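Residues per chain, in single letters:
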Amino acid sequence: GRAERHGFKVALLLTDIDHFKKINDSYGHPTGDEVLRRVARVLKASVRKIDISARYGGEEFAMVLESTDREGARQLAERIRVEVSKLSFESSKGPFAATMALGLAVDTDDART
């Protein structure tokens, strides 16, 4: 692809909101939807215009980071993890926080195809 032709690395971050089913069960789906919206805003604000950030599944998101090596991807993942952990969500049972797990892979380092 383009990354191979131009000789730059592409990193992939996959994220998952921890215990999201428990959030929905404890606080209700409208509150769970608000968690998804606010996490999505953090992700969108964290990537550059050339990157792709998208919802991947129920509470999973994926980010494709152009021209990003392993250390750059790790730093971004850590920044996102910290920013999400700082969010406070309102509910009928009082405020709560959410945490997120992130994994990363970098092309040519982790896979050839």
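Residues numbered from 1 in each chain as written. Predicted model: local features only at pLDDT ≥ 70, side-chain atom pairs only at ≥ 80, totals over all residues. Heavy atoms only, no water.

### Quick look at the environment of D16
Move 1: Considering the arrangement of structural elements, one finds D16 in strand 1 (residues 10-17).
Move 2: Along the primary structure D16 and A62 are separated by 46 residues, whereas in three dimensions their C-alpha atoms are 9.1 Å apart.
Move 3: Residues contacting D16, with those up to four places away along its chain left out, are E59, E60, T99, M100 and A101. (Helix = DSSP H or I, 4+ residues; strand = E, 2+ residues; numbered from the N terminus. Contact = heavy atoms within 4.5 Å.)

### Section: the sheet that holds strand 2 (residues 52-55)
Move 1: If you walk across this open sheet you meet the four strands as 2-3-1-4, and the pairing is antiparallel. Single-partner strands in this sheet number two, and they are strand 2 and strand 4 (100-106). On average, adjacent strands in this sheet sit at an angle of 15 degrees to one another, irrespective of strand direction.
Move 2: Sheet topology note: the strand 1/strand 4 ladder contains seven bridges and is antiparallel. Residue A11 lies in a different strand from strand 4, and its bridge partner there is V106. (Pairing = 2+ DSSP bridges. Axes fitted to C-alpha atoms, helices over the stretch in contact; angles between N-to-C directions.)

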